[in-house]
Amino acid sequence: CHQDPPPLGEATVGFSIQRDEGGVDVRVANVTFGSNAQTLGFEGDEILERIDNKNIDGWEDESIKFALSGPFSTLVQIQTNKRTVPVSRDCATAEPLPPP
């Protein structure tokens, strides 16, 4: 990710997501160096539980990615099994994500 505002203003949080082996839990993966998520201490073993106070159980990966994305430098509330914090969408995306 690069942290300059992109032309379209689309961004996501500074980590990707990955399903566990059973395909149920969604984990934080690949935390981006220098991102707000990295500054807040997110780690690859954390399990995502809620995004903006919405339980993500049963959500498809694309729906989760869409919820984590939005206008550059806006905040999204993320709850994992270790923390609940607002995280800045500070990693530019190549193009806007289509709605799920």
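The structure displayed is predicted, hence computed values, not measured ones. (Residues numbered from 1 in each chain as written. Predicted model: local features only at pLDDT ≥ 70, side-chain atom pairs only at ≥ 80, totals over all residues. Heavy atoms only, no water.)

A.B. asks: Whenever I open this one, the overall build of the protein chain confuses me. Can you help?
C.D. replies: In terms of regular secondary structure, the protein chain is built from two helices and nine strands. Taken from the N to the C terminus, the helices and strands of the protein chain come in the order β-β-β-α-β-β-α-β-β-β-β. Residue pairs in contact within the protein chain that sit at least 24 positions apart in sequence constitute 58% of those at least 6 positions apart. When the accessible surface of the protein chain is split by element, carbon and sulfur atoms take 50% of a total near 5700 Å². (Helix = DSSP H or I, 4+ residues; strand = E, 2+ residues; numbered from the N terminus. Contact = heavy atoms within 4.5 Å. Areas by Shrake-Rupley, 256 points an atom, 1.4 Å probe, with all protein chains shown as cover.)

A.B. asks: How should the environment of Phe66 be read in this particular structure?
C.D. replies: Summarising the element assignment, Phe66 is placed in helix H2 (residues 61-68). Sequence separation between Phe66 and Thr12 is 54 residues; the distance between their C-alpha atoms is 8.6 Å.

A.B. asks: Please clarify how the pattern of salt bridges should be interpreted in this entry.
C.D. replies: Side-chain pairs of opposite charge can arise whenever the charged atoms involved come near each other. A full pass over the atoms with the stated rule returns five salt bridges. Its salt-bridge partner being Lys82, residue Asp45 comes within 3.1 Å of it at the nearest N-O pair. In this pair, Asp45 sits in the loop between helix H1 (36-39) and strand S4 (47-51) while Lys82 sits in the loop between strand S7 (75-80) and strand S8 (84-88), placing the two residues 37 residues apart along the sequence. Its relative accessible area of 43% is what places Lys82 among the partly exposed residues. Residue Lys65 is joined to Glu62 by a salt bridge in which the shortest nitrogen-to-oxygen separation is 3.5 Å. Linking Lys65 with Glu62, this pair stays in helix H2, spanning three residues, or about one helical turn. A single salt-bridge network, built from bridges that share partners, covers Glu43, Asp45 and Lys82. (Salt bridge = Lys/Arg side-chain N within 4 Å of Asp/Glu carboxyl O. Buried < 20%, exposed > 50% of the residue type's maximum accessible area, 1.4 Å probe, protein only.)

A.B. asks: What's the story with the packing of aromatic side chains in this structure? I'm lost.
C.D. replies: A ring pair, where both rings are aromatic, is described by two values, the distance of the centres and the angle of the planes. Counted under the stated rule, the structure contains one aromatic pair. Above the ring of Phe42, the side-chain terminus of Arg83 is found at 5.0 Å from the ring centroid. (Phe/Tyr/Trp six-rings, centres within 6.5 Å; stacked < 30°, edge-to-face > 60°. Lys NZ or Arg CZ within 6 Å of the ring centre and 35° of its normal.)

A.B. asks: Any chance you could explain the sheet that holds strand S9 (residues 91-92) here in plain terms?
C.D. replies: Strand-to-strand pairing in sheets goes through backbone hydrogen bonds, with the strands running parallel or antiparallel. Ordered in space as S6-S1-S9, the three strands form an open sheet in which the pairing is antiparallel. Strand pairing shows two members of the sheet lacking a second neighbour, strand S6 (69-71) and S9, which therefore form its edges. Of the pairings in the sheet, the one linking strand S1 (residues 10-12) to S9 comprises two bridges and is antiparallel in character. Looking at S9, one finds that Thr12 is bridged to Cys91. Helix-sheet contacts for H2 involve S1 and S6, and the interaxial angle to S6 is about 25 degrees. (Pairing = 2+ DSSP bridges. Axes fitted to C-alpha atoms, helices over the stretch in contact; angles between N-to-C directions.)

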